[in-house]
Amino acid sequence: MKTAPQEPHGAKSQPLLQRGVSRSDHDDFEFRRVEPKLDPLLKGQDMRILILSAGAALFLAACDSKQEAAEDRMERAAETSATVAGPLPAALGLSEAQLLDADIVGADGKDLGDVSQVLRGADEKVDRLLVELDGVGPDRYVHVPVQGLKPIVRGDDTDLQTSMTKADLDALPEVKLPAP
């Protein structure tokens, strides 16, 4: 009986088809599935790698989903606050909704971050903004004082210009979002 070539011992492969010759050379050939034999030690190592990979993926997904839930909660709170505040100027001659729509830009006009939340001090006046910084790995938030920001109109958008550089913003302490 003739067989299809097999892979070397211990190699991973797909099942092979084995071609058998019937008793008479005039009959049709018959094909059947033949599983390659794998080294048991190799199978165990593959299973460990698979389990570790799956565990790492689940851990990252859980971290991402917690972060995303915290970001969603913060965004809803910011939008609610802006709705309650209405169209009245909150700071820098802009309403809370306009502040939330603004980007933080450097003196060169490059985008440095996005306003995520408008924050008030004990006197109920807007004194700082929670800003999500652009260009860094995972989402990173910092407080940026309103003092020193200047509204800049660019087309239909109003952004907030700062004299701080990207390095200055990166050096600010990170603000951790509260767990959902």
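In this text the structure is predicted, and so the values were computed from the model without any measurement.

Engineer: Any chance you could explain the layout of surface pockets here in plain terms?
Structural biologist: The rolling of a water-molecule-sized probe over the atoms marks out the regions of remaining empty space. In this structure, the second largest pocket encloses a volume near 180 Å³. The wall of the second largest pocket is formed by E71, M74, E75, A78, E79, L100, D101, D114, V115, S116, E132 and Y141. Of all elements in the fold, only α1 (40-85), α2 (96-101) and β6 (111-120) reach the threshold of two or more residues within the lining of the second largest pocket. If one sorts the elements of the lining of the second largest pocket by residue count, α1 sits on top with 5 residues.

Engineer: Is there a simple way to explain the nonpolar core in this structure?
Structural biologist: Nonpolar side chains in soluble globular proteins tend to be buried together. If you look at the biggest cluster of nonpolar residues, it comprises 22 residues, and the most contacted ones within it are I104, V115, L129, V144 and L160. Mapped by element, the contributors of at least two residues to this core are α1, α2, β6, β7 (126-133) and β8 (141-145). Per element, the largest residue contribution to this core is 4 residues, and it comes from β7. V144 has contacts with R128, L129, V131, L149, L169 and L172, leaving out every residue within four places of it along the chain.

Engineer: Explain the environment of D123 here, please?
Structural biologist: Mapped onto the elements of the fold, D123 is located in the loop between β6 and β7. Within the structure, D123 has its side chain in polar contact with the backbone nitrogen of K125 (distance 3.0 Å).

Engineer: So what exactly am I meant to see when it comes to the sheet that holds β8 here?
Structural biologist: Judged by pairing direction, the sheet is mixed, and its 6 strands sit side by side in the order β8-β7-β6-β5-β10-β9 without closing on themselves. Among the strands making up the open sheet, the edge pair consists of β8 and β9 (150-154). In this sheet, adjacent strand axes meet at a mean angle of 40° when their direction is disregarded.

Engineer: Explain the confidence of the model for the protein to me, please; I cannot follow it from the model alone.
Structural biologist: Chain-level pLDDT for the protein is 76 on average; 63% of the residues reach the 70-or-more range. For residues 58-63, every residue scores under 50 in pLDDT, and the model assigns this stretch 0 contacts once sequence neighbours within four places are set aside.

Engineer: Even after reading the chapter, I still don't get the pairing of β7, so can you show me in this structure?
Structural biologist: Working note: regular strand, side chains alternate between the two faces of the sheet. Counted residue by residue, β7 has 6 buried out of 8 residues, so it is predominantly covered. Of the strand pairs in this sheet, β6 and β7 are connected by 7 bridges, and their pairing is antiparallel. Its bridge partner being in β7, V118 is matched across the sheet by L129. Here β6 folds back onto β7, and the loop between the two strands holds 5 residues, one of which, E124, carries a positive phi near 70°.

Engineer: What am I meant to see in the side chain of T162 here?
Structural biologist: Relative to the helices and strands, T162 is located in the loop between β10 (157-161) and α3 (166-171). Among the polar contacts made by the side chain of T162, one reaches the main-chain amide nitrogen of M164 at a distance of 3.0 Å.

Engineer: Mind showing me how you'd approach the side chain of R140 here?
Structural biologist: In this fold, R140 is placed in the loop between β7 and β8. Although R140 is buried, it makes no salt bridge; E174 carries the closest opposite charge, 4.0 Å away. Of the polar contacts made by the side chain of R140, one reaches the backbone oxygen of L172; its length is 2.7 Å. Here R140 is in contact with V131, E132, L133, L169, D170, L172, P173 and E174, once residues within four sequence places are set aside.

Engineer: Explanation requested: unusual backbone geometry in the structure shown.
Structural biologist: Comment: phi is negative for the bulk of residues other than glycine, and the bulk of peptide bonds are trans. You will see that L92, though not glycine, has its phi angle at about 60°, which is positive. Mapped onto the elements, L92 comes out in the loop between β3 (89-91) and β4 (94-95).

Reading the values: rules and limits
- Residues numbered from 1 in each chain as written.
- Predicted model: local features only at pLDDT ≥ 70, side-chain atom pairs only at ≥ 80, totals over all residues.
- Heavy atoms only, no water.
- 1 Å grid on protein atoms, 1.4 Å probe; cavity = no way out; pocket = protein on both sides within 12 Å on 5 of 7 lines; lining within 4 Å.
- Points joined across faces, edges and corners; volume = space filled by probe spheres on them.
- Helix = DSSP H or I, 4+ residues; strand = E, 2+ residues; numbered from the N terminus.
- Core = buried A, V, L, I, M, F, W, Y, C linked by side-chain atoms within 4.5 Å.
- Buried < 20%, exposed > 50% of the residue type's maximum accessible area, 1.4 Å probe, protein only.
- Contact = heavy atoms within 4.5 Å.
- Polar contact = N/O pair within 3.5 Å; in protein donor to acceptor, adjacent residues only side chain to side chain.
- Pairing = 2+ DSSP bridges.
- Axes fitted to C-alpha atoms, helices over the stretch in contact; angles between N-to-C directions.
- pLDDT = per-residue confidence, 0-100.
- Lys, Arg positive; Asp, Glu negative; His and termini not counted.
- Salt bridge = Lys/Arg side-chain N within 4 Å of Asp/Glu carboxyl O.

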